[in-house]
Amino acid sequence: MSWNPFRRTASSDPHAGWWDDANRAGTAPSVEAIDRLHAALAPVAEADIREQQEEMIGGLRHLFALATRADLPVVESQHRVVGTDVCHLITPVTFGGSEAAPGKLFLTSRRLIIVTGGVTTRPWHATRRLERIGRSVFVGAGEALLEVRCNSYGDALVAHHIGSRLVAAARQG
C-alpha cells in the first residue's frame, strides 16, 4: 500500500511482481527463471506491457549467454576514444538529465566512455557504484551519479554485467 494524501489506497501495478522477478533474474540469470517469466507474460490484450516484458526476456536471454562465458566479448573499434584499451561493448545511449543527448557508450578494459557532443569517462578503478534500474545504468565514483539511458533492457543488462565484471577486475588488479 502506498501513501495517498486523500487516505485512499493507491492501486498497485498488477505486473509489479513480474518486474520484481525479472530484476532478480537480471542479477542471477537462469534458464528456469527466464522460462517462468516467459510463461507469465502479460496478456496479448496488454500489448505495450507485453512488448516491454518480451524485450526484457530477450535481454535476459542475452545476459544469460554472456554470464555463462568465462571471458568478456571483445568488440573491434577504431574509434579514437578507445585508444589502446580492449573494447568490450559499444551501444547507443542517451546521456544526461534534462538536457539529454544521444551518443555511444564504450566499455573498455580500463574505463567507461560516453561520447555525445563531448567525451565523458570514468575509470573502473575509481568506480564505487554501478547500478541498473530499468533501461538506465548509473555510475558513481564519489561524485554525482552519471545516468546512462540505454535503448533497450538488453543493452542495460549487458552494460551493467560487463561493467560489474570490469569494476571487480580493477579492484583485484
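As a reminder, the structure under discussion sits directly above these lines.
Residues numbered from 1 in each chain as written. Predicted model: local features only at pLDDT ≥ 70, side-chain atom pairs only at ≥ 80, totals over all residues. Heavy atoms only, no water.

K.L.:
What is the right way to read the environment of V115 from this model?
P.N.:
If you trace the backbone, V115 turns up in strand β3 (residues 111-115). A sequence separation of eleven residues divides V115 from K104, and the C-alpha atoms of the two residues are 5.3 Å apart. When residues no more than four places from it in sequence are discounted, the contact partners of V115 are H79, V81, P102, G103, K104 and F106. (Helix = DSSP H or I, 4+ residues; strand = E, 2+ residues; numbered from the N terminus. Contact = heavy atoms within 4.5 Å.)

K.L.:
Is there a simple way to explain the packing of aromatic side chains in this structure?
P.N.:
One pair of aromatic rings is described through two measures. These are the centre distance and the angle between the planes. In this structure the tally under the stated criterion is two aromatic pairs. Their ring planes at 75° and their centres at 4.8 Å tell us that W18 and W19 sit as a pair that is edge-to-face. Taking the relative accessible area as the measure of exposure, W19 reaches 16% and is therefore buried. Centre to centre, the rings of W19 and Y153 are 5.3 Å apart; their planes meet at 40°, and the pair counts as tilted. Taken together, the positions of W19 in helix α1 (residues 16-27) and Y153 in helix α4 (residues 153-172) put the pair 134 residues apart, joining distant regions of the chain. Of the two residues examined, W19 and Y153, each falls in the buried class. Members of the aromatic cluster, joined through ring pairs, are W18, W19 and Y153. (Phe/Tyr/Trp six-rings, centres within 6.5 Å; stacked < 30°, edge-to-face > 60°. Buried < 20%, exposed > 50% of the residue type's maximum accessible area, 1.4 Å probe, protein only.)

K.L.:
Honestly, the pairing of strand β6 (residues 136-140) in this entry has me stumped. Any pointers?
P.N.:
Regular strands place their side chains on alternate faces of the sheet. The buried fraction of β6 is high, at five of five residues. Residues S136, F138 and G140 line one face of β6 and the alternating positions V137 and V139 line the opposite face, and both faces are buried. Linking two consecutive strands that pair antiparallel, namely strand β5 (residues 129-133) and β6, is a turn of two residues; a positive phi of about 60° is found at G134 within it. Bridge count between β6 and strand β7 (residues 146-150): four bridges; the pairing is antiparallel. In the sheet register, F138 faces β7, and the bridge partner there is E147. (Pairing = 2+ DSSP bridges.)

K.L.:
Explanation requested: the packing of helix α2 (residues 31-39) against helix α3 (residues 47-67) in the structure shown.
P.N.:
Two numbers describe a pair of packed helices, the interaxial angle and the distance between the axes. Running from amino to carboxyl end, α2 crosses α3 at an angle of 170°, the nearest separation of the two axes being 10 Å. When the axes of α2 and α3 are compared, the pair comes out roughly antiparallel. From α2, V31, I34, D35, L37 and H38 reach across to α3, where they touch I57, L60, R61 and F64. Class assignment for the residues of the contact of α2 with α3 results in six nonpolar, one polar and two charged. (Axes fitted to C-alpha atoms, helices over the stretch in contact; angles between N-to-C directions. Parallel < 35°, antiparallel > 145°, perpendicular 65-115°, else oblique. Nonpolar A, V, L, I, M, F, W, Y, C, P; charged D, E, K, R; others polar.)

K.L.:
When you look at the nonpolar core in this model, what are you seeing that I'm missing?
P.N.:
Soluble globular proteins tend to pack their nonpolar side chains together in the buried interior. Within the largest apolar cluster, 22 residues are counted, with the highest numbers of intra-cluster contacts made by L105, L107, L112, V137 and I162. Mapped by element, the contributors of at least two residues to this core are β1 (87-95), β2 (101-108), β3, β6, β7 and α4. Top contributing element to this core by residue count: α4, with six residues. In this structure L105 touches L89, I90, T91, V93, L112, I113, I114, V148 and A159, once residues within four positions along its chain are discounted. Counting 14 residues, the second-largest nonpolar core is a separate cluster that includes A25, I57, L63 and L157. (Core = buried A, V, L, I, M, F, W, Y, C linked by side-chain atoms within 4.5 Å.)

K.L.:
Explain the side chain of H161 here, please?
P.N.:
Within the secondary structure layout, H161 lies in helix α4. The class of H161 is buried, set by a relative accessible area of 17%. Ignoring any residue separated from it by four or fewer positions in sequence, one finds H161 in contact with L63, L66 and A67.

K.L.:
Sorry, what's going on with the packing of α3 against α4 here?
P.N.:
One way to put it is that α3 packs onto α4 with a least axis distance of 7 Å and a crossing angle of 30°. What the angle tells us is that α3 and α4 run roughly parallel. When the axes of α3 and α4 are compared, the crossing they make is right-handed. For the pair α3 and α4, contact is made by Q52, E55, M56, G59, L60, H62, L63, L66 and A67 and by Y153, G154, L157, V158, H161, I162 and R165, respectively. For the contact of α3 with α4, the per-class residue count stands at nine nonpolar, five polar and two charged. (Left-handed = near helix turned anticlockwise from the far one by under 90°.)

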